[in-house]
Amino acid sequence: MEEIIDLINEMSPYLLLGFFLAGLMHAFIPNQVYSKYLAGNNFKSVLYSALFGVPLPLCSCGVIPTAMSLRKEGASKGATVSFLIATPQTGVDSIIATYSLLGLPFAIIRPIVALLTSLFGGQLVNVLGDKEEATATATAQVHAHEHKSFWERIKEALHYAFVEMMQDIGKWLIMGLIVAGLITVLVPDSFFALFKDNSLLSMLIVLACAIPMYLCATGSIPIAVALMLKGLSPGTALVLLMAGPACNVASILVINKVLGKRTLILYLTAIVGGAILFGLGIDYLLPREWFTSSLTAIVGDCCHTTPAYFNIGCTILMFLLLVHAFARKWFFKDECSCGHCHCHEHEEGESCSCHCDCDDDITLTFSVKGMNCNHCRASVEKAILGVPGVEEAQVSLEKEEAVVHGEFKPEEIIQAVESIGFDITQQA
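A. Broad picture of the overall build of the protein. Along the protein, the regular secondary structure elements total 18 helices and four strands. Counting every position in the protein, which comprises 428 residues, the buried fraction comes to 54%. Sequence separation of at least 24 residues holds for 80% of the intrachain contacts in the protein that already meet a minimum separation of 6. Total accessible area computed for the protein in this model is approximately 19300 Å², and 64% of it derives from carbon and sulfur atoms.

Right, dumping it as structure tokens:
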């Protein structure tokens, strides 16, 4: 338990800063910026996609519908794959958290490796992927945030950072910390000494364990720290940090379904091959001390650069924010009396005053499977709103359903949602 608390105290100031910066990016950078430069079956679109993806704070499941939406709005297959590789491996929040526990060398190398592997993967798809590509059609979207004032955007940033992102990443971060604590207690100190002279074997073992799991970029950090404290090589830790978040079962299934088997093979080749190649480079070409010196602050009595009470205060604040985020998710559904509204304009526990056209429009309810976070919910909602005739759509993550109002064809709703990787059926 003490090991988990130490990890949290080290990470909490950087996590809070990372969440806040992620919120600012969400509120102040319009969505169309990400899709404007990604069309074209060329290296330029792959480069833009990678540069957009590296700092973007999307979790491993949230990146899937976002990438599929970009594909639908005109992004090439190569650019889509580049985005899928770069985004879940890093993010402004995880880069800062990496610096807090693993030190500056890891914090620098991690986004560089993500950038290079995404460029390689995207260009690989451009050169070797399917040549016949369907022309993606842009969907009509309403960008209401473009008319918001500065303070409204700040409010949106805080809500996104400390409510939505904490709901999405919080449980995986907690699970990562628990797993790290269990590794510290249960794994013998001599276990990874067996692989001391065989980094490749240890990397393959880590890959076999990480791919079936769901690992987010931030939640994988304490696991990597715990394994390195047990003797895991820095290069193998990099493989966990890079391949773990990008190669989960959900992303594999969706990419195979939407982009095709050949694209999936090239995608996995770029991630796994790139992670192992750079991991071996770290182990055999760079001094080990660069990547292990920061761990002494966790196991030793080294002085902190910030007062202990500051770290403890940040940990308490983060805990309260997590409790608030999950309480809001579980106990306050943000619904009108009709049960359909999903706006966030009213305070917790208050009835919503916005107008709901449930009695004025044709209303159909659809079951949506595969949503795991608020990014997924927002992507499904955006896809439905892009269907001609849809006037209003409310998607519930908890109920796994979408309530749609307007004059539309149900099959077009189903096609729009399936095109971004989700399963949807109309309820009777």
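B. Inspection of the environment of Val 323 at higher detail. Relative to the helices and strands, Val 323 is located in helix H16 (residues 308-331). Residues Val 323 and Met 166, spaced 157 residues apart in sequence, show a C-alpha to C-alpha distance of 9.4 Å.

C. Focus on the sheet that holds strand S3 (residues 401-406). Pairing within the open sheet is antiparallel, and its four strands lie in the order S2-S3-S1-S4. Strand pairing shows two members of the sheet lacking a second neighbour, strand S2 (390-396) and strand S4 (423-426), which therefore form its edges. Between one strand axis and the next, the sheet turns by 25° as a mean value, whatever way the strands run. Bridge count between strand S1 (residues 363-369) and S4: four bridges; the pairing is antiparallel. Of the residues in S4, the one forming a bridge with Lys 369 is Asp 423. Across the sheet, helix H17 (residues 374-385) is in contact with S1, S2 and S3; its angle to S2 comes to roughly 160°.

D. Fine view of the pattern of salt bridges. Taken as a whole and assessed by the stated rule, the structure comprises two salt bridges. Notably, a salt bridge pairs Glu 400 with Lys 369, separated by 3.1 Å at the nearest N-O pair. Remark: Lys 369 occurs in strand S1 and Glu 400 occurs in the loop between S2 and S3; sequence separation between them is 31 residues.

E. Focus on the nonpolar core. Counting residues in each nonpolar core, the largest one holds 101 residues, and the members touching the most others are Met 166, Tyr 267, Val 380, Ile 384 and Ile 413. Those residues in contact with Ile 384, other than ones at most four positions away along the chain, are Val 390, Ala 393, Val 395, Ala 402, Val 404, Ile 413 and Val 417.

F. Spotlight on unusual backbone geometry. Unusually for a residue other than glycine, Glu 400 sits at a positive phi of about 55°. Using a relative accessible area of 27% as the deciding quantity, one classes Glu 400 as partly exposed.

G. Up close: the confidence of the model for the protein. Taken over all residues, the pLDDT of the protein has a mean of 78, while the share at 70 or more is 76%. No element of the protein has a lower mean pLDDT than helix H15 (residues 296-299), at 58, and none a higher one than helix H7 (residues 104-128), at 93. A low-confidence stretch, residues 301-306 (pLDDT under 50), is modelled with four contacts involving residues beyond four sequence positions or located in other chains. Below a pLDDT of 50 lies the segment residues 334-359, which in the model reaches 43 contacts outside its immediate sequence neighbourhood of four places, other chains included.

H. Inspection of the environment of Leu 322 at higher detail. Residue placement: Leu 322 occurs in helix H16. Through-space distance from the C-alpha of Leu 322 to that of Gln 167 is 7.5 Å; in sequence the pair is 155 residues apart.

I. Representation of a nonpolar patch on the surface. A cluster of nonpolar side chains, contributed by Tyr 99, Leu 104, Ile 108, Ile 112 and Leu 116, occupies part of the molecular surface with about 450 Å² of accessible area. Counting residues per element, the nonpolar patch draws most heavily on H7, which supplies four residues. Mapped onto the secondary structure, Tyr 99 falls in helix H6 (residues 92-102). Residue classification places Tyr 99 among the partly exposed residues on the basis of a relative accessible area of 40%.

J. Looking closely at the pairing of S1. The sheet contact formed by S1 and S3 spans five bridges and is antiparallel. Looking across to S3, one finds that Phe 366 is bridged to Ala 402.

Conventions we followed
- Residues numbered from 1 in each chain as written.
- Predicted model: local features only at pLDDT ≥ 70, side-chain atom pairs only at ≥ 80, totals over all residues.
- Heavy atoms only, no water.
- Helix = DSSP H or I, 4+ residues; strand = E, 2+ residues; numbered from the N terminus.
- Buried < 20%, exposed > 50% of the residue type's maximum accessible area, 1.4 Å probe, protein only.
- Contact = heavy atoms within 4.5 Å.
- Areas by Shrake-Rupley, 256 points an atom, 1.4 Å probe, with all protein chains shown as cover.
- Pairing = 2+ DSSP bridges.
- Axes fitted to C-alpha atoms, helices over the stretch in contact; angles between N-to-C directions.
- Salt bridge = Lys/Arg side-chain N within 4 Å of Asp/Glu carboxyl O.
- Core = buried A, V, L, I, M, F, W, Y, C linked by side-chain atoms within 4.5 Å.
- pLDDT = per-residue confidence, 0-100.
- Patch = residues over 30% accessible without salt bridge, like charges linked within 9 Å, V, L, I, M, F, W, Y side chains within 5 Å.

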